[in-house]
Amino acid sequence: MQENLVIVESPAKAKTIEKFLGKGYTVTSCMGHIRDLEKKDFGIDLEKNYQPKYVVTPDKKKIVAELKKMAKGAETVWLASDEDREGEAIAWHLKEVLKLDPKNTKRIVFHEITKEAIQRAIENPRSIDDNLVNAQQARRVLDRIVGFEVSPVLWKKVKPALSAGRVQSVAVRLIVEREREIINFKSETWYRVTGTFLAKDENGNPAELKAELNKRFPTKKEAFAFLEKCQSAEFSIADVVKKPAKRSPAPPFTTSTLQQEASRKLSFSVAQTMSVAQRLYESGKITYMRTDSVNLSGLAINTTKQKIIELHGEDYVKIRKFSSKSKGAQEAHEAIRPTYMSNETVSGSAQEQRLYELIWKRTIASQMADAKLEKTTVSISVSTAPEIFTVSGEVIIFDGFLKVYMESTDDENGTAPAGQEIIPPLKVKDVLRMSSILATQRFSQRPPRYTEASLVKKLEELGIGRPSTFAPTITTIQNRNYVVKEDRPGLERNFEIVTLKSNKISEKTKTEITGAEKSKLFPTDIGMVVNDFLMENFEQIMDYNFTASVEKEFDDIAEGEKVWNEMIDKFYQPFHGQVENVLKNSERSKGERILGKDPKTGKQVSVKIGRYGPVAQLGEASSEDNDEKPQFASLRTGQHLETITLEDTLELFKLPRDLGEYENKKVTVSIGRFGPYIRHDNKFVSLGKEDDPFTVELDRAVELIETKREKDRKAVIKTFDEEPELTVLNGRWGPYISFKKKNYKIPKKVKAEELSLEDCKKIIDTAPEPKTKRGRKKK
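Only a predicted model underlies this, so the values are computations on that prediction, with no experimental measurement involved.

**Considerations on helix α11 (residues 350-366)**
- In a regular helix each residue adds 1.5 Å, so 17 residues correspond to 24 Å; α11 covers 25 Å between its end C-alpha atoms and thus fits that length.
- For α11, every residue scored as buried is listed here: Glu352, Leu355, Tyr356, Leu358, Ile359, Trp360, Arg362, Thr363, Ile364, Ala365 and Ser366.
- Contacts made by the buried residues of α11 are with α8 (255-266), α9 (270-282) and α10 (298-312).

Right, here's the structure in full:
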């Protein structure tokens, strides 16, 4: 009989802990949650106070059987899952499923995987915290209720196979509302005036000084008039103000700030950051990565202080104790930091090393001295006008924490500069020589689209979600195709510059690219339609304050201040009635937008969500007075229901285009469910990304047809005259047999080209349950 069995969530974590515990301890993994709510019949017993109906998931049955066997033969079972609510729930499920005896079952928690932390946890075990389990259970039950009640409504009223979620739907709402702000945004223009002046540096050499006027002109006429005044003006120093300034470091990382900074500095997605951080934690390199605390332990502060003194000296130390400001801060009790501050770098993948370095630098910087600066502001008067030019500059007197780290912002997408303009020594009344003055046309900026990082920041500000939910929320809304993350090219825009140089005023027009987007979140058409339907019919679950207040109620349950099923009942009774009412009384929603009439036929032109996505419609649905069926055309990539114009929509009905004949058979081009394609001899060939279905010609179509034929020829390894339906093909994952619309894998050791018909039939007869060409198992 083994003395001690320690159960954790992952093999990597088990491997690290086993090194610290030594003999007498067996450490194994349950691979996360071992059971979940039933997928059929709601998974919740509404008649029995919302009791969840849990089942062991099919992929965990073998693991559970093994764990039962190991637990039976152990003197003591230690449940060492993570210290947050999810971890507590995993421990509780293990206790229930494995039928563990409370007398020899102990719960241990730690927020870092070090020898000291593990030994301290073993010395201080506790029982499972039912309040934390109930808080996790309440979240799971509430999310199941919202998903299972609202999703069927969407199937009937919007489109089949849609789904809704409590936090996810609110996240989509944020992105949709921002998109509409951008669509409705009207840019304003003005003229920004900058001047380049010549002064003398401390050695008497000419030095340039670039300054900006303290006024913006709304029209070119006014900007031109100001430059005319400057032709005869004298420019002199009106004021020189020097002030001390300081910059302070950011607190150590929480889950959300780590996700934001890794996105800005390392270009990591939110999910990628959490995956890499999980590996670092499980290998004992950082503390627990799901936390909203900025606190550091006394030991961490002391070891950080020692490292700063070692690297930079005592002048660079300033001990700080940070406190959380986010709504409902909870979960783990310390910020994300390296487990050993003495380790500036770690082994591992390139991603792990880069993220670790970011965490190490942020932690070190948080306990370093402020940066001391001197800020100088110079005012330059214009003798012929009341406006003044100003220029600001900073000189770093003491770099402090800037020696190690500077936090980025969403606007910069990089490291902030430590200083601005370098200003030569100047005195009041010094006369400057004007080199040039430019009045440049500028435009007001539309609101920025969300990145994954800025969306996490917004969700945290609103109190929506918790450290463990940010990454899954953002992944889910993209997987459901309500939101896409992508790059989009900018548009060319003209702007005017009026220049005064050598006492002459000149004008010219330049072009620039504006509005280019990189890794931004865009709502899809179906995302916008679903959002509108939910906003109209389920205002409560779409309300930001409601979603935040629910999170607060989960926190109250975790503190033992609320009973979880009473909280669920208070929500469910009115909500279920609302669902019944919407099913009975609400109209179907297709997001239809009527654009006008076709000038040629007089038929109505509209766009809406169709069976396979956004479509344009020419004509109205057939009725008693009108038996003519309407025409439909798929929208092109980059076209959207809310922004497409009547003219662009009418262009879509010019397809299919007849390109001519090839091999005495017609060649046409059109757009279908899967994009633009060429049709020839009842066969379909996709257009390339660079091909436009409205301009592609017959020569290019023939080239694509022949390329596809060549590819198909290479794909066929063998055919059999006596069994025409059976072919041996070369696929993406290697050779396989296709027979009666089903695919069969060929064993690796078998040479596909040497197979006989009998060999193929033998493989088919002995094969496991086959898959259809769509990849689904045969029922």
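**Some thoughts on the sheet that holds strand β24 (residues 665-672)**
- Judged by pairing direction, the sheet is antiparallel, and its 4 strands sit side by side in the order β23-β24-β25-β26 without closing on themselves. Only two strands of the sheet have a single neighbouring strand rather than two, namely β23 (657-662) and β26 (683-686). Mean inter-strand twist for the sheet, computed between neighbouring axes without regard to direction, equals 30°.
- For β24 and strand β25 (residues 675-680), the ladder comprises 6 bridges, and the chain directions are antiparallel. Its bridge partner lying in β25, Ser670 is registered against Tyr677.
- Contacting β23, β24, β25 and β26, helix α19 (residues 698-715) runs over the sheet at an angle of about 65° to β23.

**Side note on a negative patch on the surface**
- Together, Asp721, Glu722, Glu758 and Asp759 give the surface a local cluster of negative charge.
- Tracing the backbone through its elements, the reader meets Asp759 in helix α20 (residues 757-766).
- The class for Asp759 is partly exposed, based on a relative accessible area of 32%.

**A short note on the side chain of Asp691**
- As for its placement among the helices and strands, Asp691 is situated in the loop between β26 and α19.
- Here Asp691 falls in the buried class, since its relative accessible area comes to 14%.
- Of note is the side chain of Asp691, whose polar atom sits 3.0 Å from the side chain of Arg700.
- In contact with Asp691, other than residues within four places in its own chain, are Arg700 and Leu704.

**A short note on the pattern of salt bridges**
- Counted under the stated rule, the structure contains 55 salt bridges.
- Of the charged contacts, one joins Lys361 and Glu357 as a salt bridge, the two residues approaching to 3.2 Å between their closest N and O atoms. Of the two residues, Lys361 and Glu357 both sit in helix α11, 4 residues apart, roughly one turn of that helix.
- For Glu357, a relative accessible area of 37% translates into the label partly exposed.
- Each of Glu179, Arg446, Arg449, Glu517 and Lys520 takes part in a single network of salt bridges with overlapping partners.

**Re the nonpolar core**
- With 135 residues, the main nonpolar core has Phe110, Leu154, Leu355 and Phe538 as its most contacted residues.
- Leu355 has contacts with Leu258, Ala262, Leu266, Phe268, Thr273, Val276, Ala277 and Leu280, leaving out every residue within four places of it along the chain.
- Grouped together as the second largest cluster of nonpolar side chains are 28 residues, Ala233, Val382, Ile437 and Ala439 included.

**Points about unusual backbone geometry**
- Geometrically, the link from Leu655 to Pro656 is a cis peptide bond, its omega value of 0° lying close to zero.
- Here Pro656 is to be found in the loop between α18 (646-652) and β23.
- Positioned with a positive phi, Lys99 is a non-glycine residue whose angle comes to about 50°.
- Considering the arrangement of structural elements, one finds Lys99 in the loop between α3 (85-97) and β8 (105-107).
- By relative accessible area, which is 71% here, Lys99 ends up exposed.
- For Asp681, which is not a glycine, the phi torsion comes out positive at approximately 55°.
- For Asp681, a relative accessible area of 33% corresponds to the partly exposed category.

The rules behind each value
Residues numbered from 1 in each chain as written. Predicted model: local features only at pLDDT ≥ 70, side-chain atom pairs only at ≥ 80, totals over all residues. Heavy atoms only, no water. Helix = DSSP H or I, 4+ residues; strand = E, 2+ residues; numbered from the N terminus. Expected span 1.5 Å × (residues − 1). Buried < 20%, exposed > 50% of the residue type's maximum accessible area, 1.4 Å probe, protein only. Contact = heavy atoms within 4.5 Å. Pairing = 2+ DSSP bridges. Axes fitted to C-alpha atoms, helices over the stretch in contact; angles between N-to-C directions. Patch = residues over 30% accessible without salt bridge, like charges linked within 9 Å, V, L, I, M, F, W, Y side chains within 5 Å. Areas by Shrake-Rupley, 256 points an atom, 1.4 Å probe, with all protein chains shown as cover. Salt bridge = Lys/Arg side-chain N within 4 Å of Asp/Glu carboxyl O. Lys, Arg positive; Asp, Glu negative; His and termini not counted. Charge placed at Lys NZ, Arg CZ, Asp CG, Glu CD. Polar contact = N/O pair within 3.5 Å; in protein donor to acceptor, adjacent residues only side chain to side chain. Core = buried A, V, L, I, M, F, W, Y, C linked by side-chain atoms within 4.5 Å.

Honestly, it's all geometry; don't read function into it.
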